[in-house]
Each structure stands twice: as structure tokens, then as C-alpha cells.
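So the chains spell out like this:
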Amino acid sequence: MSVSLRATRQAATLSLVFGAVLLAGAATGAWGEPGAAARPPSADTVRAVAAPLGAGQDPAGADLSEQQAEHLIGAAGDRWGAYYSAQEYAEFSQGLDGRYLGVGLSVGRGEDGVTTVSQVLPAGPAAAAGIAVGDRLLRIGEDEADRLPVTEVVARLRGREGAERQAGSEVVLELRRDEGEGGGGVREVRLRRALLDSQQVTVEHLAGGVVRIAVRAFTSGVAEQVRAAVRGARAGVVLDLRGNSGGLVEEAVGTAGVFLDGGPVGSYQDRGGTRELTAPPGGDQRTPLVVLVDGGTMSAAELLTGALQDRGRAVVAGSRTFGKGTVQQPSRLADGAVLELTVGRYYTPAGRSPEGAGLAPDVPAGAAEDADALALRVLAGLGSRA
């Protein structure tokens, strides 16, 4: 199985999770932290599977190698099935808790091949060392940054394996700042990796009492962050789910509860039958709401979008969503690795499944239309009818 296909499958979800933490580079063109994927390990040579698990069998506790697990996924035609080593699964789970190991730094590479700092997380090790956006990254350890693939730069910033994958491990960087940007010259910086907050929610207060809330992924605590942000909205809310690749279903349901007074959010299937998802009571049902989506809106974000759309609580604007409406459940193997297999689909309150086709917006954005401006126009129309 190719690395790219394996990486795609590893975007499938953890237990009762309809997505994975957004890869920063896929959304912004900046590669690094937060949310950069761990580099997949190479496959080992293993013995063949004598009797592959049949449909419906639970592989929990089985003694399967990575190759055997991947063969099982491929034989089942499971697009979203995934194999994780014990370390990979721990790191993905950590990401869904809203934490990641790193130095608080993302990089970009221009057409000239120069590697520069594109993002710096406030209060992270990089920020504490005075690293700023625009600084050129010259070396990581003894190696020239420009000669390394960007994925390798990311891996070295976060730590590749073993002791490097621990909080407190050290990485040495050499950077240069232009003279006009605060002193200039080349300097060496020693950074210690730390567990950092991934900051999946950003809030912007716009003119007229409108609040724009962008949610990149549904990690732990996101629903409460959205609830706090909504309290500052007087004229309306734009809930921006563009590029949101999903996350913890409980956080998506909790976010639905911010805008609904209880009731259905959706349902999903597992081996025990159909499970209903219900919003907590007491949400704000009066403030005008527009949900902004695009082709990168997937999984738990589609569940939330469909619920608000079906319940008539929000107008959905933008473009058709990605179309991932399946549920994966994990089984831990004998060596501590985890195998996830698709067990069913989830459905919106009206019985729609996003799987394959995605969800269509109520107000489509034109090819050259600014989606943010469209959302504000729709919101203004909702306010005039309130």
C-alpha cells in the first residue's frame, strides 16, 4: 500500500470520531505545527495471513502485523479503514484532545526554494525564543533546511521517533532575519519540544455585533469555546466550517447544542445497532446563524451542518461538502497497535447520509464569489426577517 493511500486512510476516525485533526498544510499552504501528520513508518516484511478475518469478525486482541492489517483493509475495500502503530494511535488521540507535541512553529517554502517561518504559536517555545513570521530557516541540526523535503522539516521540528518524541527533547535551529525586521543576522536557537494547545477555534468580532467563529476541527473543548464565543454575538453568527475535517462526535453534538434546544442531531450505526445523537437543551435559538462550508468540510462537520440545516436553525452557504458519512470503530491488536474498520454510516435528522455526495448548501457561492462576503449578505437578510 502506498504511503499516500495509507495517509488518506489514517485520516479516518478514532473511536466514535467522524474525522481527524486538520493538516495545517492542506488548509493554509503552511506546513508544520499544529496538526502536522506524523511520518508513517516503513512496512516490515511479515508472514502471510493464513486465514484473514471474515466480515463482521472483531480483530480485537488478534496478532496481526501492519502488512496483514493493511491486507485485511484492502480486501474489504474499506476506504476509511486504517492501521495505527501504538505510538501513532497515541499521537492521534492526543491531537483529538486538542494537544500536540512540537515547538509552536510552521514553515512555508516559496518558488525560490527558500524555507521561511509562516506561523508562530503565541506562548510556544518558538515564540519565547523570539522567532517571528518571515524568519528564514537555514538549518535543522546539521542539515540545510532548503535541501530537505518540507515533510522532513516538519518531522524534525516535531521529533521523528524515540526520545525525540518526548516533551523536553531538544531541536537546534539556525535562522536569519532581514536587517529591516528587527536586528538581522544569523543566530542559533535551541528549542525544547512541549505539549501545546492546537487552537482549533478562532473568533473574530465584526462590525454591527456579528461574530465569526472558525472551527478547524472538533477536538476536546471546542463546543464550550463556541458557546463562549456566541455570548458576544448581538446581530448574528457566521460559523465557518470550511476546511474542517471533523473530529470528536461528542464535540460536534455539543456544538449543535449551542444553537438548538435539545432534539436530534443525527444517528449512526455500530455493531450494536442504531444510536441516536441528541443535542443538550438550552441552546441559543434566536441569534441569526449562517454556516459556511466548502469541499473541505467533512465528517463530524457535515453531521453538524446537516443537523442545523435539517432543523431549520441555520442557512448553509458556500459549496458542496466533502462527503464522508461513515463510522469507524477501533480494535486494539495484541501488540498495542490499533485497527479501525468501517462499521456503518451516519445520518442527519432528516435521514440524509453525506457519504459520497456530500451536502449541498442552501445558498451556493459563485465560482469567483467571496464566501465570507456571501455569508454576511445572507446573515443581513436573516436579521431583517427576525
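In the block above lies the structure referred to throughout.
Residues numbered from 1 in each chain as written. Predicted model: local features only at pLDDT ≥ 70, side-chain atom pairs only at ≥ 80, totals over all residues. Heavy atoms only, no water.

S.K.: Could you give an account of the overall build of the chain, naming the residues involved and the relevant values?
M.R.: Along the backbone of the chain there are 10 helices and 20 strands. Put simply, the chain has 386 residues, and 49% of those count as buried. Put simply, of all contacts in the chain between residues at least 6 apart along the chain, 68% involve residues at least 24 apart. Surface exposure of the chain reaches about 16800 Å², of which carbon and sulfur atoms provide 50%. (Helix = DSSP H or I, 4+ residues; strand = E, 2+ residues; numbered from the N terminus. Buried < 20%, exposed > 50% of the residue type's maximum accessible area, 1.4 Å probe, protein only. Contact = heavy atoms within 4.5 Å. Areas by Shrake-Rupley, 256 points an atom, 1.4 Å probe, with all protein chains shown as cover.)

S.K.: Please give an account of helix α6 (residues 150–158) that cites residues and values.
M.R.: Where burial is concerned, most of α6 is hidden: 7 out of the 9 residues are buried. Inspection of α6 places Glu 152, Val 153, Val 154, Ala 155, Arg 156, Leu 157 and Arg 158 among the buried residues, and these make up the whole buried set. Remark: Gly 159 follows α6 within two positions and exhibits a positive phi of approximately 100°.

S.K.: Could you give an account of the nonpolar core, with specific residues and numbers?
M.R.: Soluble, globular proteins show a tendency: their nonpolar side chains are buried together. Of all hydrophobic cores here, the largest spans 37 residues; its most connected members are Ile 213, Val 215, Phe 218, Leu 239, Phe 259, Val 291 and Leu 308. Contributions of two or more residues to this core are made by β12 (210–215), α7 (222–230), β13 (236–240), α8 (249–259), β14 (264–270), β16 (289–293) and α9 (300–310). Other than its neighbours up to four places away in sequence, Phe 218 contacts Leu 241, Asn 244, Gly 246, Gly 247, Leu 248, Glu 251, Ala 252, Thr 255, Ala 300, Ala 301 and Leu 304. Formed by 17 residues, the second largest nonpolar core is a distinct cluster that contains Ile 131, Leu 173, Leu 175 and Leu 191. (Core = buried A, V, L, I, M, F, W, Y, C linked by side-chain atoms within 4.5 Å.)

S.K.: Describe the pattern of salt bridges, listing the residues and the values that go with them.
M.R.: For the structure on display, the rule yields 15 salt bridges. Residue Arg 147 is joined to Glu 144 by a salt bridge in which the shortest nitrogen-to-oxygen separation is 3.3 Å. Given the relative accessible area of 33%, Glu 144 is considered partly exposed. With its nearest N and O atoms 2.5 Å apart, the salt bridge here joins Asp 240 to Arg 212. (Salt bridge = Lys/Arg side-chain N within 4 Å of Asp/Glu carboxyl O.)

S.K.: Just give me the short version of the packing of aromatic side chains, but keep the residues and values in it.
M.R.: On inspection of all chains with the given rule, the structure shows 1 aromatic pair. Relative to Phe 322, the ring of Trp 80 lies with its centre 6.2 Å away and its plane at 65°, an arrangement referred to as edge-to-face. Taken together, the residues span a long stretch of sequence, with Trp 80 in the loop between α3 (66–76) and β2 (82–84) and Phe 322 in the loop between β17 (315–318) and β18 (326–332) at a distance of 242 residues. Residue class for Phe 322 comes out partly exposed when judged on its relative accessible area of 33%. Above the face of the Trp 80 ring, Lys 324 is positioned so that its terminal group lies 5.0 Å from the ring centre. (Phe/Tyr/Trp six-rings, centres within 6.5 Å; stacked < 30°, edge-to-face > 60°. Lys NZ or Arg CZ within 6 Å of the ring centre and 35° of its normal.)

S.K.: Can you lay out the sheet that holds strand β20 (residues 363–364) for me, pointing to particular residues and giving the numbers?
M.R.: Taken in spatial order, the 6 strands make up an open sheet running β11-β12-β13-β16-β17-β20, and their pairing is mixed. Single-partner strands in this sheet number two, and they are β11 (201–205) and β20. Where β16 meets β17, 4 bridges bridge the pair, whose relative direction is parallel. In the sheet register, Val 291 faces β17, and the bridge partner there is Val 316. Contacts from α7 reach β11, β12 and β13 within the one sheet, and its direction differs from that of β12 by about 170°. Seen against the sheet, α9 touches β13, β16 and β17 and runs at an angle of roughly 145° to β16. (Pairing = 2+ DSSP bridges. Axes fitted to C-alpha atoms, helices over the stretch in contact; angles between N-to-C directions.)

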